[in-house]
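Chain and residue survey
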Amino acid sequence: MIPVCPTNALPPGEATRVEADEPIAVFNVDGELYAIDDTCTHQDASLADGWLDGCAVECPLHASCFDLRTGKVSGPPAKRPVRTHRVVVQDDMIYVLPHPAEEGAA
Amino acid sequence: MSATVAVIGASLAGLSAARALRARSYEGRIVVVGDEVHAPYDRPPLSKEFLAGTASLEDIALGAPDDEALGLEWRLGTRAVGLDRHTRSVVLDDGSELRADGVVLATGARARRLPGSDGLDGVHVLRSLDDAIALREDLASARRLVVIGAGFIGAEVASTARALGLEVTVVETQPVPLAGPLGADMGAVCAGLHADRGTRLLVGTGVAGLVGTGRVQAVELTDGTRLPADVVVVGIGAVPNTEWLADSGVALGNGVLTDARGATNLPGVVAVGDCAAAWSPAAERHVRIEHWTNALEQPATAAATLLGATTPAPAPPPYFWSDQYGARIQFAGARRDGDVTRVVEGSCAERSFLVVYERDGHPVAVLAMNQPRLFTRWRRQLRSAVPSAS
Ligand SMILES: Cc1cc2nc3c(=O)[nH]c(=O)nc-3n(C[C@H](O)[C@H](O)[C@H](O)COP(=O)(O)OP(=O)(O)OC[C@H]3O[C@@H](n4cnc5c(N)ncnc54)[C@H](O)[C@@H]3O)c2cc1C
Ligand code: FES
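Residues numbered from 1 in each chain as written. Chains lettered and ligands numbered in written order. Predicted model: local features only at pLDDT ≥ 70, side-chain atom pairs only at ≥ 80, totals over all residues. Heavy atoms only, no water.

You'll find chain B entered in an unreviewed UniProt entry as Oxidoreductase, with Geodermatophilus sabuli given as the organism. Chain B has a UniProt comment under Cofactor (unreviewed entry) that states "FAD". (UniProt positions renumbered as here; feature names shortened; annotations may be inferred.)

In the annotation of an unreviewed UniProt entry, chain A is listed under the name Bifunctional 3-phenylpropionate/cinnamic acid dioxygenase ferredoxin subunit and assigned to Geodermatophilus sabuli.

Now the structure itself:
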């Protein structure tokens, strides 16, 4: 488990980036926490720098949108989805569990 | 009803139009005609990652797996040579005619060439995949590159070639590069990247001609200076591909003239992307935008128009980016001379900043270098602020 930050450091509408083997972006959508790969599958933009729109984030560079729940990309130029990761909250701390095994949606 | 839509031009705007038609539940035939033999690919990497050799052809393909489901008929390697307004047929260079109920003009633009440079080896323009492959091959064995024109494409080629280890000189006629899109002060800041990385930039100097027989050897400037060159890249702008429409009756200016919703003067014919000069209510004139995001977004409106919708067109502030020497430049909005620039974050000297252009105290455009997060927020803000400001 990778520690991200205290829960109060990630208010709704905000995103943060944590270093892992591949950097991970964590989002707070109206109190729900989501984690996906931080690096856009198109080029090297950080999705934590992107624009949150409901349950999707728009890449800050060329505007591909990724669904935070599934990692799916909605439109060009990105063609591949990002991976989703599990988020765990313990004692007011946010953690991510990188790249869960193929167990389906959490 | 078996309707047919002909999309002429198989690149970003054409593909986006085809996708938008399907997204609007158009179920008829869609025929996409493109004169290049390649399936649609992305042009921005041609001066950046693809030229550098770090992106492959597969990486820059525009097609996505889902596109199979669009059921498009491709006519690649085929050029449209005329449009008959009465039968709404597109005449193709193989002699056939394509009868259509709707036509999307998406023929883009081509690189402007330097007069007198034809037939000289080592002289390149950069617009197509074939151009990029030829340039990449030529750069591999070259030592000295001269780039004519310090616009975005010229600057990006200079940056990529510099990273490949070439000696690079950029020649610009204007006193300040990029003054048109960015204004003189910010154009100068961005052009400062050249010197940071050891590229020589010569401004306010015209090119008198190219020297060499068979292969280029030097670029001669109007002041008599000769710049030795193994390779020359001409980056002096682009011309819309509209000549084939000259006899069609479609209204032409600097591109195919359309209203704000992409409609031309001919019923059932719309135009999108780099070939289209759309009416801008804010600017009160036709504006031909030559940027990627426009070619992606505009077709959604034009496809709706073709299918009979008349809802007002969204007018997001124009957006473009450029990557040079590892710096990420982003710009959104509509700037004019006289707008006042204000640094909101960072500093120009540190090559990390966000600058807002203001008119009568209101933000009208925003420029950022290496500030994608903040830029995205400002770009969003402009999206909601701009329409009401006009
Ligand atoms: C090297 C380079 C780098 C760029 N970098 C950036 C960037 O960093 N950021 C940015 O915002 N924008 C950038 N752009 C601009 C962006 O790529 C264009 O705005 C975009 O490609 C326009 O798309 P389009 O489909 O309208 O036109 P095009 O991409 O020009 O496509 C038009 C297609 O139609 C074909 N065609 C022409 N005439 C005919 C005919 N008669 N019959 C059939 N087919 C025809 C052409 O061959 C071409 O394939 C760059 C462009 C280039 C060339
Ligand atoms: S880097 Fe994300 S869409 Fe291009």
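Read on for the rest.
1. Some points on the site of ligand 1
All names here are of chain B. Taken together, 34 residues lie near ligand 1, and Asp35, Glu36, Arg43, Lys48 and Arg127 sit nearest. The contact in question runs from an oxygen atom of ligand 1 to an N or O atom on the backbone of Ala13, over 2.9 Å. Isolated, ligand 1 exposes 1000 Å² of accessible area, and the fraction of that covered by the protein chains is 95%. Going through the elements one at a time, helix 1 (12–23), strand 2 (29–34), helix 4 (152–163), helix 7 (292–306) and strand 23 (319–324) are the ones with two or more residues in the shell around ligand 1. Of the residues contributing to the shell around ligand 1, the split by class is 15 nonpolar, ten polar and nine charged. (Near = heavy atom within 4 Å. Polar contact = N/O pair within 3.5 Å; in protein donor to acceptor, adjacent residues only side chain to side chain. Areas by Shrake-Rupley, 256 points an atom, 1.4 Å probe, with all protein chains shown as cover. Helix = DSSP H or I, 4+ residues; strand = E, 2+ residues; numbered from the N terminus. Nonpolar A, V, L, I, M, F, W, Y, C, P; charged D, E, K, R; others polar.)

2. What about the sheet that holds strand 4 (residues 80–84) of chain B?
Residues and elements named next belong to chain B. Taken together, three strands build an open sheet; the order of strands is 4-5-6 and the sheet is antiparallel. Every other strand in the sheet has two partners, leaving strand 4 and strand 6 (97–99) as the edge strands with one partner each. Each adjacent strand pair in this sheet contributes to an overall mean axis angle of 20°, direction not counted. Both strand 4 and strand 5 (residues 89–92) contribute to a ladder of four bridges, which runs antiparallel. Within strand 5, the position partnered with Gly82 by the bridge is Val91. (Pairing = 2+ DSSP bridges. Axes fitted to C-alpha atoms, helices over the stretch in contact; angles between N-to-C directions.)

3. Observations regarding the UniProt feature "domain: Reductase C-terminal" (unreviewed entry) in chain B
Here, UniProt's "domain: Reductase C-terminal" (unreviewed entry) annotation points to residues 319–384 of chain B. Between the end C-alpha atoms of residues 319–384 of chain B the distance is 14 Å, and the span holds 20% helix and 56% strand.

4. As for the interface of chain A and chain B
Each partner contributes to the interface: chain A provides 17 residues, whereas chain B provides 24 residues. For the pair chain A and chain B, the summed buried area comes to about 1800 Å², and 47% of that belongs to carbon and sulfur atoms. If you sort the residues of chain A by the area they bury against chain B, Trp51(A), Leu61(A) and Lys79(A) come out on top, with a joint share of 35%. Taken together, the links from chain A to chain B amount to four salt bridges. A salt bridge links Arg380(B) to Glu58(A); the nearest nitrogen and oxygen atoms lie 2.4 Å apart. Applying the counting rule to chain A against chain B returns eleven residue pairs in polar contact (both at pLDDT 80 or more). (Contact = heavy atoms within 4.5 Å. Buried area = accessible area lost by both parts, 1.4 Å probe. Salt bridge = Lys/Arg side-chain N within 4 Å of Asp/Glu carboxyl O.)

5. Thoughts on the UniProt feature "domain: Rieske" (unreviewed entry) in chain A
Mapped onto this numbering, the UniProt entry annotates "domain: Rieske" (unreviewed entry) at residues 2–96 of chain A. Across residues 2–96 of chain A, the secondary structure splits into 0% helix and 43% strand, with the terminal C-alpha atoms separated by 5 Å.

6. Digging into the layout of surface pockets
Residue and element names in this part refer to chain B. In this structure, the second largest pocket occupies an estimated 740 Å³ of space. Elements that contribute at least two residues to the lining of the second largest pocket include exactly helix 1, helix 7 and helix 8 (372–389). No other element matches the four residues that helix 1 contributes to the lining of the second largest pocket. A per-class count over the lining of the second largest pocket returns 13 nonpolar, four polar and ten charged. (1 Å grid on protein atoms, 1.4 Å probe; cavity = no way out; pocket = protein on both sides within 12 Å on 5 of 7 lines; lining within 4 Å. Points joined across faces, edges and corners; volume = space filled by probe spheres on them.)

7. Examining the UniProt feature "domain: FAD/NAD(P)-binding" (unreviewed entry) in chain B
In the numbering used here, UniProt assigns the "domain: FAD/NAD(P)-binding" (unreviewed entry) feature to residues 4–298 of chain B. In residues 4–298 of chain B, the share of helix is 22% and the share of strand is 29%. The end C-alpha atoms are 21 Å apart.

8. Considerations on the packing of helix 1 of chain B against helix 7 of chain B
All names here are of chain B. At their nearest, the axes of helix 1 and helix 7 sit 8 Å apart, and the two run at 40° to each other. Comparing the axis directions of helix 1 and helix 7 gives the class oblique. For the crossing formed where helix 1 meets helix 7, the hand is right-handed. On the side of helix 1, the interface is formed by Leu12, Ala13, Ser16, Ala17, Ala20 and Leu21, while helix 7 contributes Trp292, Ala295, Leu296, Pro299, Ala300, Ala303 and Leu306. For the contact of helix 1 with helix 7, a count of residues per class yields twelve nonpolar, one polar and no charged. (Parallel < 35°, antiparallel > 145°, perpendicular 65-115°, else oblique. Left-handed = near helix turned anticlockwise from the far one by under 90°.)

9. Looking at the pairing of strand 8 (residues 84–90) of chain A
Residues and elements named next belong to chain A. In the sheet, strand 4 (residues 32–37) pairs with strand 8 via two bridges, with the strands oriented antiparallel. Along strand 8, the bridge assignment pairs Ala35 with His85. The pairing of strand 8 with strand 9 (residues 93–97) spans five bridges and is antiparallel. For Val87, the partnering residue across the bridge sits in strand 9 and is Val96. As consecutive antiparallel partners, strand 8 and strand 9 are separated by two residues, and within that stretch Asp91 has a phi angle of approximately 50°, a positive value.

10. Quick word on helix 3 (residues 129–140) of chain B
Taking 1.5 Å of rise per residue, the twelve residues of helix 3 of chain B would be expected to cover 16 Å, and the 17 Å separating its terminal C-alpha atoms lies within 8% of that figure. Those residues of helix 3 of chain B hidden inside the fold are in contact with helix 2 (49–52), strand 9 (123–124), strand 10 (144–148), helix 4 and strand 16 (231–234) of chain B. (Expected span 1.5 Å × (residues − 1).)

11. Topic: unusual backbone geometry
In this model, Ala63(A) sits at a positive phi of 70°, which is unusual for a non-glycine residue. Take Ala63(A): its relative accessible area is 21%, and that puts it in the partly exposed class. (Buried < 20%, exposed > 50% of the residue type's maximum accessible area, 1.4 Å probe, protein only.)

12. As for the packing of aromatic side chains
All names here are of chain B. Across all of its chains, the model carries six aromatic pairs over all chains by this definition. Taken together, a centroid distance of 5.3 Å and an interplanar angle of 20° make the contact between Phe320 and Phe331 stacked. Of this pair, Phe320 sits in strand 23 while Phe331 sits in strand 24 (residues 327–333), and the two are eleven residues apart along the sequence. Taken individually, Phe320 and Phe331 each receive the classification buried, so the pair is uniform in this respect. (Phe/Tyr/Trp six-rings, centres within 6.5 Å; stacked < 30°, edge-to-face > 60°.)

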